[in-house]
Amino acid sequence: MVVGIIRIKIRIAWSHSLKEKRKVVKSICAKVQSKFKVSIAEVDEQDTHQIIVLGIAYVTNGNAHADSIASNIVNFIEGNVEGDLIEIEREIV
């Protein structure tokens, strides 16, 4: 059993309120959960309206598959968010 963990920090410079940010977070979380069947949540910077920090976790059967899933998730988020991915941390346990 292999556990994959991803932490992604996204800057959405156009956001001017926590309400706008929450809308983006909910949308990203719903899309990623639906497509990849992973656990995802906002894990930090909840009171900052231009920074989103997402934590993603999943379980699989091999390191290569875990790395592939992480790459697919990061690419999906990058293509579906109107913001800049400023930090990506991956860990396979």
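For the structure, see preceding data.
Before going into details, it helps to say that this report is about the structure given with it. Per chain, residue numbering runs from 1 following the sequence as it is written. Reporting of local features is limited, given that this is a predicted model, to residues whose pLDDT is at least 70; pairs of side-chain atoms are given and counted only at 80 or more, and all residues count toward the totals for whole chains, interfaces and linings. With hydrogens and water excluded, all non-hydrogen atoms of the structure serve as input to the side-chain values.

1. What to know about helix α2 (residues 63–80)
Thinking step 1. A run of H or I in DSSP becomes a helix once it reaches four residues, and a run of E becomes a strand once it reaches two; helices and strands are each numbered from the N terminus. The span one expects for a helix is its residue count, reduced by one, times 1.5 Å. Relative to the 26 Å expected for 18 residues at 1.5 Å per residue, α2 spans 26 Å between its end C-alpha atoms, a close match to the ideal helical length.
Thinking step 2. For every residue, the accessible area (1.4 Å probe, protein chains only) is compared with the maximum for its type, and the residue is labelled buried under 20%, exposed over 50%, or partly exposed between those bounds. For α2, the complete set of buried residues consists of Ala66, Ile69, Ala70, Ile73, Val74, Phe76 and Ile77. Projected down its long axis, α2 shows its buried positions confined to an angular sector of 160°, all on one face. Structural note: α2 exposes Ala64 and Gly79 on the side pointing more than 90 degrees away from its buried face. What the arc measures is the spread of directions leading from the helix axis to the C-beta atoms.

2. Some thoughts on a positive patch on the surface
Thinking step 1. Like-charged residues within 9 Å of one another, or nonpolar side chains (Val, Leu, Ile, Met, Phe, Trp, Tyr) within 5 Å, are grouped into patches, provided each residue has over 30% relative accessible area and no salt bridge. Throughout, the Shrake-Rupley method with a 1.4 Å probe supplies accessible areas, and for residues the shown protein chains are the sole cover considered. The salt bridge criterion pairs a side-chain nitrogen of Lys or Arg with a carboxyl oxygen of Asp or Glu, the two atoms within 4 Å. Positive charges come from Lys and Arg, negative ones from Asp and Glu, while His and the chain ends are left out of the count. Every charge is mapped onto a representative atom, which is NZ of Lys, CZ of Arg, CG of Asp or CD of Glu. A cluster of basic residues, Lys19, Arg22, Lys23 and Lys26, forms a positive patch on the protein surface.
Thinking step 2. The topology assignment puts Arg22 in helix α1 (residues 18–36).

3. What about the side chain of Ser15?
Thinking step 1. Structurally, the position occupied by Ser15 is in the loop between β1 (2–11) and α1.
Thinking step 2. For the purposes of these results, a polar contact is taken to be a pair of N or O atoms within 3.5 Å, where, inside protein, one atom must be able to donate a hydrogen and its partner to accept one; residues adjacent in sequence count only when each atom of the pair is a side-chain atom. From its side chain, Ser15 meets the backbone oxygen of Ser17 in a polar contact 3.2 Å long.
Thinking step 3. Leaving out residues up to four positions away in the same chain, Ser15 has contacts with Glu20, Lys21, His49 and Gln50. It only takes one pair of heavy atoms within 4.5 Å for two residues to be counted as in contact.

4. With respect to the sheet that holds strand β2 (residues 39–44)
Within a sheet, neighbouring strands are paired by backbone hydrogen bonds and run either parallel or antiparallel to one another.
Thinking step 1. Paired strands, as defined in this entry, are two strands with at least two bridges between them according to DSSP. The strand order β2-β3-β1-β4 describes an open sheet built from 4 strands, whose pairing is antiparallel. The open sheet is flanked by β2 and β4 (84–92), the only strands paired with a single partner. Neighbour-to-neighbour, the strand axes of this sheet turn through a mean angle of 20°, independent of strand direction.
Thinking step 2. Axis geometry follows a simple rule: fit a line to the C-alpha atoms, using only the stretch in contact for helices, then measure angles between N-to-C directions, giving values from 0 to 180 degrees. Helix-sheet contacts for α2 involve β1, β3 (51–60) and β4, and the interaxial angle to β4 is about 165°.

5. Details of the pattern of salt bridges
Thinking step 1. Enumeration according to the criterion identifies 5 salt bridges in this entry.
Thinking step 2. Here Asp44 ties to Arg7 by a salt bridge, and the two come within 3.4 Å at their closest N and O atoms. With a gap of 37 residues between them, Asp44 in strand β2 and Arg7 in strand β1 connect regions that are remote in the sequence.
Thinking step 3. Residue classification places Asp44 among the partly exposed positions, given a relative accessible area of 33%.
Thinking step 4. According to the relative accessible area criterion, Arg7 is partly exposed, its value standing at 23%.
Thinking step 5. Here Glu89 makes a salt bridge to Arg7, at a shortest N to O gap of 3.5 Å. On the criterion of sequence distance, the pair formed by Glu89 in strand β4 and Arg7 in strand β1 is long-range, its members being 82 residues apart.
Thinking step 6. Among the charged side chains, a salt-bridge network with shared partners connects Arg7, Asp44, Glu87 and Glu89.

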